Amino acid sequence: MGLFGKKKKNTEETNEKLVNKTMLIEGMACNHCAATVHHALVRVPGVKEANVDITKGTAAIQMAEGTSLVELKQAVSDAGYEPVGWQGQDQKHSLQVPDMMCEHCVATITEAVKNVEGTSNVQVDLDTKTVSFNANKPTFSKAVEAIIAAGYHPE
């Protein structure tokens, strides 16, 4: 188990069904940040364990089925950090890239977005000058940065 991954004290073992979810969190920079997020999460009713990883910007949470995800996000917000979503929960994004002019541009943008870990269903359309892909919020930002690094100006 990683740093701050200990079981919550005084938790009774029951036959309740447990689920695991990984929250994506921005703003953590040090072990103190990880400890703050860990303590905020284990105080939420239903949470059994929380394993916070500052290098990945995540908190792996083991909780009773039915634990409020809203309360979990609120606990992290109240602790001073930004919960940005849940691992595996991707949204469809679409961007205009007006300076895309040819098939070479399509190939370059496609490659740039596909190389960002966590993107999927990448589609680049020269006729509409759009790029569409699935990603969570932090991955979306990285994909936009990759398009810019490739020499394009997404809108």
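Residues numbered from 1 in each chain as written. Predicted model: local features only at pLDDT ≥ 70, side-chain atom pairs only at ≥ 80, totals over all residues. Heavy atoms only, no water.

> Report on the overall build of the protein chain, specifying residues and quantitative values.
Broken down by element type, the protein chain carries 4 helices and 7 strands. Listed N to C, the secondary structure of the protein chain is β-α-β-β-α-β-β-α-β-β-α in terms of helices and strands. Considering the protein chain as a whole, with its 155 residues, one finds that 41% of them fall into the buried category. Restricting the contact set of the protein chain to residue pairs at least 6 apart, pairs at least 24 apart contribute 67%. (Helix = DSSP H or I, 4+ residues; strand = E, 2+ residues; numbered from the N terminus. Buried < 20%, exposed > 50% of the residue type's maximum accessible area, 1.4 Å probe, protein only. Contact = heavy atoms within 4.5 Å.)

> Hey, could you go over the pairing of strand 4 (residues 82-86) for me, with residue numbers and the actual values?
Judged by how many residues are buried, strand 4 sits mostly within the fold: 4 of 5 residues are covered. Across 4 bridges, strand 1 (residues 18-26) lies against strand 4 in antiparallel orientation. Residue isoleucine 25 lies in a different strand from strand 4, and its bridge partner there is proline 83. (Pairing = 2+ DSSP bridges.)

> Before we move on, can you summarise the sheet that holds strand 1 with the specific residues and values?
Within a sheet, neighbouring strands are paired by backbone hydrogen bonds and run either parallel or antiparallel to one another. Spatially, the 4 strands line up as an open sheet ordered 2-3-1-4, and their pairing is antiparallel. With one partner strand each, in any of the chains shown, strand 2 (47-53) and strand 4 form the two edges of the open sheet. Going from strand to strand, the sheet's axes swing by 30° on average, the running direction of each strand aside. Two elements, strand 1 and strand 3 (residues 58-64), share 7 bridges in a ladder whose sense is antiparallel. By the bridge assignment, threonine 22 is partnered in strand 3 with alanine 60. Sheet contacts for helix 1 (residues 31-42): strand 1, strand 2 and strand 3; angle to strand 2, the most-contacted strand, approximately 165°. Here helix 2 (residues 69-78) sits on the sheet and contacts strand 1, strand 2, strand 3 and strand 4; the angle it forms with strand 4, its principal contact strand, is near 150°. (Axes fitted to C-alpha atoms, helices over the stretch in contact; angles between N-to-C directions.)

> Which residues make up the confidence of the model for the protein chain, and what are the values?
Here the protein chain averages 88 in pLDDT, while 90% of its residues score no lower than 70. For the stretch residues 6-12, pLDDT sits under 50, and the model shows 10 contacts to residues farther than four places along the chain or on other chains. (pLDDT = per-residue confidence, 0-100.)

> Hey, could you go over helix 4 (residues 137-149) for me, with residue numbers and the actual values?
A rise of 1.5 Å per residue sets the reference length of helix 4, with its 13 residues, at 18 Å; its end C-alpha atoms lie 19 Å apart and thus fit the reference within 8%. For helix 4, the complete set of buried residues consists of Pro138, Thr139, Ala143, Val144, Ala146 and Ile147. Lining the buried residues of helix 4 we find strand 1, strand 4, strand 5 (91-96), helix 3 (103-114) and strand 7 (130-135). The first or second residue beyond helix 4 is glycine 151, which carries a positive phi of 105°. (Expected span 1.5 Å × (residues − 1).)

> Account for the pattern of salt bridges, naming residues and giving values.
Using the criterion set out here, one finds 1 salt bridge in the structure. The salt bridge involving glutamate 65 is made with lysine 17; its shortest N-O contact spans 3.8 Å. Of this pair, glutamate 65 sits in the loop between strand 3 and helix 2 while lysine 17 sits in the segment before strand 1, and the two are 48 residues apart along the sequence. Note on lysine 17: relative accessible area 51%, which makes it exposed. (Salt bridge = Lys/Arg side-chain N within 4 Å of Asp/Glu carboxyl O.)

> Explain the environment of alanine 107 residue by residue, including any values.
The residue alanine 107 is located in helix 3 in this model. Owing to a relative accessible area of 45%, alanine 107 belongs among the partly exposed residues under this scheme. When the C-alpha atoms of alanine 107 and valine 124 are compared, they prove to be 8.3 Å apart, with 17 residues separating the residues in sequence.

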